[in-house]
Amino acid sequence: MQKKGIGLMTLIALVVSSSIGAGIFALSSDVATVAAPGAVMIAWLIVGIGILALALSFSNLVIKRPDLEGIFAYAQAGFGDFAGFLSGWGYWLSAWLGNVAFATVLVSSLGYFYPIFKTGHNIPSIILASVIAWSLTYFVTRGVESAAVLNAIVAICKLIPLFVFIILAIILFKVNMFTKTFWGNVGTNFSAIDVLTQVKGCIMVMMWVFVGIEGATMMSSRAKNKKDASTATIIGVVGLLVIYSVVSLLPYGYLSRTELAGLPRPALVYLFQHMIGPIGGAIISIGLVISILGAWLSWTMLPAETVMLMSKDQLLPKQLAKANRFNAPHIALLTTQILIQLFLFTLLFTNKAYEFAYSLCTAAIVITYSFVAAYQIKFSWINRRTTKNAWFQVAVGVIALVFEIVGIILAGAQFLLLAMIAYIPGLYFYVQAQKQKNPAYQMQTKEKVISILIIILGLIGLLLLILGKIKLG
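Every value quoted in this text rests on a predicted model; they were computed, and no experiment measured them. (Residues numbered from 1 in each chain as written. Predicted model: local features only at pLDDT ≥ 70, side-chain atom pairs only at ≥ 80, totals over all residues. Heavy atoms only, no water.)

Novice: Quick rundown of the overall build of the chain? Include the residues and the values.
Specialist: Across its full length, the chain carries 18 helices and zero strands. Taking 2.2 N^0.38 as the reference for a compact globule, 473 residues should give roughly 23 Å; the C-alpha atoms of the chain span a radius of gyration of 22 Å, in line with that estimate. Taken along its principal axes, the extent of the C-alpha atoms in the chain is 70 × 60 × 55 Å. Put simply, 82% of the contacts in the chain that link residues at least 6 apart link residues at least 24 apart. Mean positive and mean negative side-chain charge positions of the chain (31 and 14 charges, respectively) differ by 2 Å. (Helix = DSSP H or I, 4+ residues; strand = E, 2+ residues; numbered from the N terminus. Rg over C-alpha atoms; globule rule 2.2 N^0.38 Å. Contact = heavy atoms within 4.5 Å. Lys, Arg positive; Asp, Glu negative; His and termini not counted. Charge placed at Lys NZ, Arg CZ, Asp CG, Glu CD.)

Now the structure itself:
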């Protein structure tokens, strides 16, 4: 009798579906704002190596530790409850901040059809985004879930307009346009310092579009075969690398860097409109709406599910795991949605809400990904005598960890400081959870040191925000 569960192709689609959201539709202008095509290619090489190392870490651990559930479980298994909390809280922050980014781009894409939403930074835009967000939350509280097969269908709907764009962009590609300012505004002259600056500017944008590659790992317990989840992660990430790099580089062969950087958001909509007229913008806009709604529904569930799993593992108070009669974690869902709503109000005060949300989202998930890489190193080292490719796996973990740490330092250390602000209330919830488990609980010395460091960094971030050194727009 064949085992029921999710198959390989559906798992691959899950990796693609959970990663391709809003980022790819703004990618062409986001990279053009900071870099010329030569620097973009170097950045993709660096990011590709780092992301593949992270994917290989997920691929290895899902096979070697099939008993672990939830991405934060790797940190918990390797470094204790407090590390598990830090990892899970970072993932929760990333998930709901990603929804804010979804909201800003979705509203802007509807502006193609309804000009009142075109800026995405007015009261009608906030009302529309809020209605969609609360509607999705309501559906999830009623037990409505985005099934794996539905995710596969959504993934196909996302890819069709992207492939149409890629084919047309190849046809219209002009080599002389692409090479005219290959390294920047100084023609073909190569300046190492200038290129390095451009590469640094690309890192955060490129890291953001890979948030979600753990999709197959998160669903591994429901796979027909654990190896399928491992294989799907690698195939999915390689596929994403190809799609993202092509979508970001081909436009340089059609418009100048200045023209690309000046396109309204989401840039791909207006780029395709420029190529074939209004029908092009409509095609990409429809694909974008489907893409974001599908991803948004999934990512409405993820933060709540993460909180619920952490509560069950006693990393957060057990009250947060409370489910309603539809078996949905309604307390966690409601709490998360209130925070999203508060963040949506920033649309009134800045035209950089999307950049701010995805940067903070990426900074938060780097913490989670870093713990995955660290556990990959530790687990592979401990088992080096009994595993054939242990040294390779250690090297993979080291590359992934270095990439995550260096990436965030180079591209967005200020956003890591802001993420620390959001960790401060989490520390209170962690202590309460530990006291529920053991009334005599007292923080260990290392937990106190790390907590103090988080509070100090958070206060520094808050001070810099108040002083205007860190700007929302």
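Now that the structure has been shown, the text picks up again.
Novice: Could you give an account of the state of the cysteines, naming the residues involved and the relevant values?
Specialist: With the rule as written, the count across this model stands at zero disulfides. In this structure Cys202 is not part of a disulfide, and its nearest cysteine sulfur, from Cys361, lies 18 Å away. (Disulfide = S-S within 2.5 Å.)

Novice: Would you mind going over empty space enclosed by the protein in detail, with residue names and values included?
Specialist: What the rule picks out here adds up to four cavities of 30 Å³ or more. By volume, the largest cavity is sized at about 90 Å³. Around the largest cavity, the lining comprises 10 residues; the ones closest to its centre are Ser18, Ser19, Phe102, Trp208 and Val211. Mapped onto the lining of the largest cavity, the elements with two or more residues apiece are helix H1 (8-19) and helix H5 (81-110). For the lining of the largest cavity, the per-class residue count stands at five nonpolar, five polar and no charged. Within this model, the second largest cavity holds a volume of roughly 50 Å³. Every residue lining the second largest cavity is listed: Ile51, Met207, Phe210, Val211, Thr362, Ile365, Val366, Tyr369, Phe403 and Glu404. Counting only elements with at least two residues in the lining of the second largest cavity, the list comes to helix H16 (353-382) and helix H17 (390-437). (1 Å grid on protein atoms, 1.4 Å probe; cavity = no way out; pocket = protein on both sides within 12 Å on 5 of 7 lines; lining within 4 Å. Points joined across faces, edges and corners; volume = space filled by probe spheres on them. Nonpolar A, V, L, I, M, F, W, Y, C, P; charged D, E, K, R; others polar.)

Novice: Residues and numbers for the nonpolar core, please.
Specialist: Of all hydrophobic cores here, the largest spans 156 residues; its most connected members are Trp44, Phe85, Phe165 and Phe210. Looking at this core, the element that brings in the most residues is H5, giving 19 residues. (Core = buried A, V, L, I, M, F, W, Y, C linked by side-chain atoms within 4.5 Å. Buried < 20%, exposed > 50% of the residue type's maximum accessible area, 1.4 Å probe, protein only.)

Novice: So what's going on with helix H18 (residues 445-466)? Which residues, and what values?
Specialist: Compared with an ideal rise of 1.5 Å per residue, which puts 22 residues at 32 Å, H18 spans 32 Å between its outermost C-alpha atoms and is within 8% of the ideal. Within the sequence span of H18, burial applies to Glu447, Ser451, Ile454, Gly458 and Gly461. Buried residues of H18, viewed axially, fall in a sector of 90°; they line one side. More than 90 degrees from the buried face of H18, the exposed residues found are Thr445 and Val449. (Expected span 1.5 Å × (residues − 1). Arc of directions from axis to C-beta.)

Novice: Lay out the pattern of salt bridges in plain terms, naming residues and giving numbers.
Specialist: Pairing of side chains with opposite charge becomes possible as their charged atoms draw close. Applying the stated rule across the entire model yields two salt bridges. Between Asp67 and Arg65 there is a salt bridge; the shortest N-O distance is 2.6 Å. For Asp67, a relative accessible area of 53% translates into the label exposed. Salt-bridge contacts for Lys437 lead to Asp81; the nearest nitrogen and oxygen are separated by 2.8 Å. With Lys437 in helix H17 and Asp81 in helix H5, this residue pair connects regions lying 356 residues apart in the sequence. Overall, Asp81 belongs to the partly exposed group, its relative accessible area being 24%. (Salt bridge = Lys/Arg side-chain N within 4 Å of Asp/Glu carboxyl O.)

Novice: Give a detailed account of the packing of aromatic side chains, specifying residues and quantitative values.
Specialist: Using the criterion set out here, one finds 23 aromatic pairs in the structure. Ring geometry for Phe182 versus Trp183: centroids 4.8 Å apart, planes at 85°, classification edge-to-face. According to the relative accessible area criterion, Trp183 is buried, its value standing at 19%. Here Tyr375 and Phe379 contribute two aromatic rings whose centre-to-centre distance is 5.9 Å and whose plane-to-plane angle is 50°, an arrangement assigned as tilted. Linking Tyr375 with Phe379, this pair stays in helix H16, spanning four residues, or about one helical turn. Looking at Tyr375, the relative accessible area reads 4%, which means it is buried. A cation sits over an aromatic face here: Arg384 above Trp381, 3.9 Å from the ring centre. (Phe/Tyr/Trp six-rings, centres within 6.5 Å; stacked < 30°, edge-to-face > 60°. Lys NZ or Arg CZ within 6 Å of the ring centre and 35° of its normal.)

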